[in-house]
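# Analysis of the macromolecular model
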Amino acid sequence: MRGAAWAETAAISAAALLAALGVFGGFVALRGLNPLDVYAALVAGGFGSWFSLEETLTQAAPIMLTALCTALPARAGLLVIGGEGALVVGGVATVLAGVNLGGLPPPLAVALMCLAGALGGGLWVGVAGALRHWRGVNETIATLLLNYIAIAVMNHLVAGPIRDFGQVLKPASWAIGERLMIGTIPATGIHWGLVFGVVACVVTWVLMRHTIVGFAVDVVGGNVRAAQMVGLPIGAIVLATTVLGGAAAGLAGAIEVVAVHGFASSSLVVGYGYAGILVAFLARQNPLAVIAVAVLLGGITASGGLLQRRFGLPDAATLVLEGLLFIALLAANTLYGRFRRSSGD
Amino acid sequence: MIEASLTRRQLLAGSLAAALTPTLARAAARPVTVGFIYVGPKNDYGWNQSHAVAAKKVAQLEGVKIIEQENVPETVEAEKVMEAMIRQDTAKVVFATSFGYWPSVLKVAPKYPDVLFTHIGALWKDGNPKNTIGYRGYMEEPHYLCGVAAGSMTKTGKIGFIGSKPVYFIFNNANGFVLGARAVNPAITCQVVITGDWNNPVREAEVTNSLIDQGVDVIVANVDSAKVVIENAERRGIYSCGYHTDVSELAPKGFLTGAEWNWAAGTRFVKAWQDGTSYPNLLRGGFKQDMVALSPFGRAVTPELRTKILAMKQGFVDDSLKLYKGPLKDNEGNVILKEGEVIANDDNKFKLAVNFLVEGAVGKTGLKK
C-alpha cells in the first residue's frame, strides 16, 4: 500500500513535470527556438557539470529551509506563506547577534547567531500562529502581510539605525566581519547551508512521521474536531508548528548572512521564501521530498543564466517554467486516488 | 654549393614570408566571446539600455559573439555569473556594467588571468589586477548642453534636476546642467533633489510632480531609468532632457535633448584582446575622447538653438569650452574658483572631489563637510 502510494505520487509528479515542460517547449518554440536545445541547456545549466551542480545546490539550500516554513504548519492544516518575511527577520536577527557577540570564539558565536536567526524567524511566524489560535485571524493573510512588514522593517533598519555608512552603493547593515563567516564545504563551492537544509528536512521528517507528536499534528491537520475530542492541545500544536516552520526560514536567513553576504540588505529579498511555498506544494508537504524538489527547482533557477546567454530568453523564462510546473502540479492533484481505485487496489 | 643552397633557402624563406604577410594581414580577427552583465532589464530606457546599445555595437566587430545576462544583482551572484560566462560559455572579455559589480570583478579577475574584465566605474587603482579596466565618460559635458537647451526653453526661469545618490558624478552632472542654463540666462535657478536611490520610481514621480507644482518647466533626472520622470513631465506639458540613452520616444512633444553615454568606446578593449595589444587600465573622457554623446534634438528645439548647442559641443571636442571656470561660487556662497582660474575638462583630481552644487542650484548635497 505504502509502495503503491509512493509510485502514485512519483507517477503523477512526473506527468505534471512533463506536461509543464511540454507547455514551456511550446512557449520557447513560439520565440523561434528549438525546444530540445532549450531542454538540453536546462539540464546542462542545472546538472551538466560540477560547476552547474554547485550552483544548483547553492540555490537549493535556502529553499529547503523556507519550504519547511510552509510544509510543517501544513501538516497541522495551516497554509503559511510567511517564509520570505521570516527569512528577512532571521537575517536581521543574525546580524544583530553577530555584532554583539563578536568577542566570543567564532564557532560559538556563529552557533548563537544561527540560533538568533531561527528564533527571530520562529517568533515572527509564531505571531501568525498565535493570532490564528486566539483571535481567529486567517494565517495565510497574516503571514503574507507579515512578509511586507518584515521587508519594510529591514529596509528601515538598514537605511538608518543599523546602516553601515561605509557601504555607499546601496543601504546595508553593519557587517558581521570575515571572522564570523562560515565559508564553503571543503573542496566544493557550496556553502554550509546545504547541510543545514538537508539535516533540517530529515529531522522534520522523523519528527512528523515517526513520533507521537508528529501523529498528533497530523490529527489536528486532518480533523480539528476529532483532535479536540481526543483532548489534543490544539493551541500548542498550532503554535509549535508555526514557530518551528518560521525558525527554519529564519535559519535560512541566518545562513544567507553568515555564509553568503555578511550583512543584511535587500539582497536577502530575492524570493527564496516564495520559492519555498512552491517547493512545499510540489513535495506535497513531505520533508524528504522537499530535498529532491528543492534541488530540482534550484537546478531550474541555476540554468536561468544559461538560457539567457545561449538563447536570449528573458530573465523571467525560468519563472514561467516554475509557474507552469506549479499549475500542472495543482491540476494533477485531482488525479490522486483515481488510478488506485480503477486498478482495484 | 653551400652558398647556393643558402641562397635558395633564403629565397624560399623570403618568398614564403612574402606569401604569408598579406594573408596574416587579411586573416580573420581572433574569435572571442564577450559577456555583458546587466543589473536590471536591458530595455529599461536607462542605464542598462545604454549598455545593451553598446553591446550591439560590440557584436558587430569581426569575430565577436556576445552573450548577455540581465537582472544580475550586485551580490555574490555577480561573481557566479561571471564565472559561468567564462566556464560555460568560454567568454574571454566580460563587461560588468553596474557600479556595484566592482568588488566581484576584483575577486574573479585574478582567477582568470587570460580574461579581460571591464567595469564602468573607472575605479581602477594601482595594485588592482592588470586584466581589469575601469572606464567612464564625463557626463557633465552633455549635461551642460542640456542645460543650454533648458535655459533657452524655460519660461518660468526655474528648471529641475533629480539625482539618485549624493556622489561626485551626480554633483558634476547637476553642476553642468546649472552652468549650461545660466550661460544662457544668469537669473535661472535649478531645483536639485537627491532621492537617495538609484532606482525608486515612486519617489521620482512624487518629486517630479512637486517640482512642476513649484513652477519648474524643464527637468532632467539622473536615476537608473528616467522613464517615469520623462513620461510624467510630458503628461504635465513641460520640457524634459534625457539621461543614459536615447529616450526621445517617451516624450514626442517635450523632449529637448539628452546626455548619453557612449559605452561603445569599450569596443577598443575587445579589439585589444583580439590583437593582443595593450590597453589602458583606466580611461576617462568626454566629447573629445568620444565617450559621451548628445541625444537627437526633439522637435521643440529650434534650428538656431540646435546650431548653437552643436557649436558648444564642438567646443568640448577642441577644448575651447571649459566646464568649471572662475569666478565660481557654490550655492552656499563659498568661492570655488577665483577670477581667471580654469579647470581642465580632464582634471580628474578636481572632478572626482566635487562635493558642492554651484551657485544657482537650489538644494543641498546632503553631505556633511
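Residues numbered from 1 in each chain as written. Chains lettered and ligands numbered in written order. Predicted model: local features only at pLDDT ≥ 70, side-chain atom pairs only at ≥ 80, totals over all residues. Heavy atoms only, no water.

## Regarding the overall build of chain B
Basically, it comes down to this: Strands here are runs of E lasting at least two residues and helices are runs of H or I lasting at least four, both read from the DSSP assignment and numbered beginning at the N terminus. The classification of residues rests on relative accessible area computed with a 1.4 Å probe and restricted to protein chains. Under 20% of the type maximum is buried, over 50% is exposed, and intermediate values are partly exposed. Where accessible areas are quoted, they stem from the Shrake-Rupley method and a 1.4 Å probe; at the residue level, only the protein chains shown are allowed to cover. Only four residue types enter the charge count, namely Lys and Arg as positive and Asp and Glu as negative; His and the chain termini do not. By convention, the charge on Lys lies at NZ, on Arg at CZ, on Asp at CG and on Glu at CD.
Scanning chain B from terminus to terminus reveals eleven helices and 15 strands. With respect to the three principal axes, the spread of C-alpha positions in chain B is 95 × 45 × 40 Å. Scored against the burial criterion, the 369 residues of chain B give a buried share of 55%. In the form shown here, chain B has an accessible surface area of approximately 16,000 Å², with 55% of it arising from carbon and sulfur atoms. When the 42 basic and 37 acidic side-chain charges of chain B are each reduced to a single mean position, those positions are 2 Å apart.

## Topic: the packing of helix α8 (residues 212-222) of chain A against helix α10 (residues 234-261) of chain A
Residues and elements named next belong to chain A. Put simply, the rule reads: All axes here are fitted lines through C-alpha atoms, helices being fitted over the stretch that makes contact, and every angle between N-to-C directions spans 0 to 180 degrees. In this scheme, roughly parallel covers angles under 35 degrees and roughly antiparallel covers those over 145, while 65 to 115 is roughly perpendicular and the rest are oblique. Here a residue-residue contact requires only that any non-hydrogen atoms of the pair lie within 4.5 Å. Here the term charged refers only to Asp, Glu, Lys and Arg, the term nonpolar to Ala, Val, Leu, Ile, Met, Phe, Trp, Tyr, Cys and Pro, and the term polar to all other amino acids, Gly among them.
For the pair α8 and α10, the least separation of the axes is 10 Å and the interaxial angle reads 105 degrees. When the axes of α8 and α10 are compared, the pair comes out roughly perpendicular. Between α8, through A216, V217 and V220, and α10, the contact on the second element is made entirely by I234, I237 and T241. In terms of residue class, the contact of α8 with α10 is made up of five nonpolar, one polar and no charged.

## Quick notes on the interface of chain A and chain B
Counted only if it meets this: Defined here as a combined quantity, buried area equals the accessible surface (1.4 Å probe) lost by two parts on assembly, summed across both. One speaks of a salt bridge when a side-chain nitrogen belonging to Lys or Arg is within 4 Å of a carboxyl oxygen belonging to Asp or Glu. In protein, a polar contact requires one atom able to donate a hydrogen and another able to accept it; more generally it is a pair of N or O atoms within 3.5 Å, and residues adjacent in sequence count only if both atoms are side-chain atoms.
Taken residue by residue, the interface counts 20 residues in chain A and 20 residues in chain B. Note on chain A versus chain B: buried area summed over both sides is about 1,700 Å², and carbon and sulfur give 49% of it. Of the charged contacts, one joins E55 of chain A and K80 of chain B as a salt bridge, the two residues approaching to 3.5 Å between their closest N and O atoms. For the pair chain A and chain B, the interface holds ten residue pairs in polar contact (both at pLDDT 80 or more). Put simply, the parts of the chain that give the side of chain A that touches chain B at least two residues each are α3 (50-75), α10 and α12 (287-311) of chain A. Here the side of chain A that touches chain B is composed, by residue class, of seven nonpolar, eight polar and five charged.

## Brief notes about the layout of surface pockets
All names here are of chain A. So the rule is basically this: Here a cavity is any set of points on a 1 Å grid over the protein atoms alone where a 1.4 Å probe fits but cannot get out, and a pocket is any open set with protein on both sides within 12 Å along at least 5 of 7 lines; a residue lines the site when it has an atom within 4 Å of a point. Grid points are joined across faces, edges and corners, and a volume is the space filled by probe spheres set on the points.
Taken as a whole, the second largest pocket holds about 730 Å³ of empty space. As for the second largest pocket, its lining consists of 23 residues, of which T9, A283, R284, N286 and A289 are closest to the centre. Of all the secondary structure elements, the ones that give two or more residues to the lining of the second largest pocket are α1 (2-30), α12 and α13 (317-332). Among the elements that line the lining of the second largest pocket, the one with the most residues is α1, at eight residues. In terms of residue class, the lining of the second largest pocket is built from 13 nonpolar, four polar and six charged.

## Quick word on empty space enclosed by the protein
Residues and elements named next belong to chain B. Counted according to the given criterion, the structure contains two cavities of 30 Å³ or more. Estimated volume of the largest cavity: approximately 90 Å³. Lining of the largest cavity is provided by 13 residues; of these, G137, Y138, E140, Y168 and F169 occupy positions nearest its centre. Every element with two or more residues in the lining of the largest cavity is listed here: β5 (132-137), α6 (168-184) and α11 (348-352). Of all the elements, α6 adds the most residues to the lining of the largest cavity, at four residues. In the lining of the largest cavity, the residues fall into six nonpolar, three polar and four charged.

## A word on the packing of aromatic side chains
Residues and elements named next belong to chain B. The condition that has to hold: Geometry of aromatic contacts follows a simple scheme: Phe, Tyr and Trp rings, the Trp one being its six-membered ring, pair when their centres are within 6.5 Å, and the pair is stacked under 30 degrees between planes, edge-to-face over 60, tilted otherwise.
Counted under the stated rule, the structure contains 20 aromatic pairs over all chains. Ring plane angle 10 degrees and centroid distance 4.6 Å describe the contact between F36 and F95, whose orientation is recorded as stacked. Of the two residues, F36 is situated in strand β1 (residues 32-37) and F95 in strand β3 (residues 91-96); the sequence distance between them amounts to 59 residues. Here F36 and F95 have matching classes, each one buried. Between F99 and F169, the aromatic rings sit 5.6 Å apart at their centres with planes inclined by 55 degrees, giving tilted as the arrangement.

## Considerations on the sheet that holds strand β8 (residues 218-222) of chain B
Residues and elements named next belong to chain B. For clarity, the threshold we go by: Only strands that DSSP links by at least two bridges are regarded as paired with each other.
Read from one edge of the open sheet, seven strands run β12-β10-β9-β8-β6-β7-β15, paired in mixed fashion. Of all strands in the sheet, those with a lone pairing partner are β12 (292-294) and β15 (361-362), marking the two edges. Bridge count between strand β6 (residues 158-163) and β8: four bridges; the pairing is parallel. Bridging across to β8, F161 finds its partner in V220. Helix α5 (residues 140-153) rests against β6, β8, β9 (239-244), β10 (255-261) and β12 of the sheet, and its axis sits at about 170 degrees to β10.

## Quick notes on the environment of N199 of chain B
Residue and element names in this part refer to chain B. Locating N199 in the fold gives a position in the loop between β7 (189-194) and α7 (201-213). N199 sits 148 residues away from H51 along the chain, and the two C-alpha atoms are 17 Å apart. Once residues within four sequence positions are removed from consideration, N199 is found in contact with E204 and D224.

## Considerations on the pattern of salt bridges
Going through the model one piece at a time under the given rule, you end up with 14 salt bridges over all chains. Where D89 of chain B meets R310 of chain A, a salt bridge forms, and the shortest distance between an N and an O atom there is 2.9 Å. Placement of D89 of chain B in helix α3 (residues 76-89) and of R310 of chain A in helix α12 is noted, with the two residues assigned to different chains. Overall, D89 of chain B belongs to the buried group, its relative accessible area being 7%. On the accessibility criterion, R310 of chain A (42% relative accessible area) is partly exposed. The shortest N-O distance in the salt bridge between E79 of chain B and K107 of chain B comes to 3.5 Å. A residue pair is termed long-range when its members are at least 10 positions apart, and E79 of chain B in helix α3 and K107 of chain B in helix α4 (residues 102-108) qualify at 28 residues. Of the residues examined, K107 of chain B reaches a relative accessible area of 54% and is grouped as exposed. In the salt-bridge network here, residues are joined through shared partners; they are R309 and R310 of chain A together with D89 of chain B.

## Remarks on the confidence of the model for chain B
Low-pLDDT portions of the prediction should not be read for the details of their coordinates. Residues and elements named next belong to chain B. To keep it simple, the criterion reads: Note: pLDDT gives the predictor's confidence per residue, expressed from 0 to 100.
Scored by pLDDT, chain B has a mean of 90; 92% of the residues are at 70 or more. Within the model, pLDDT remains below 50 along residues 1-6, and this stretch shows zero contacts once partners closer than five positions in the same chain are excluded. The low-confidence segment residues 16-26 (pLDDT under 50) makes zero contacts with residues lying over four places distant or belonging to another chain.

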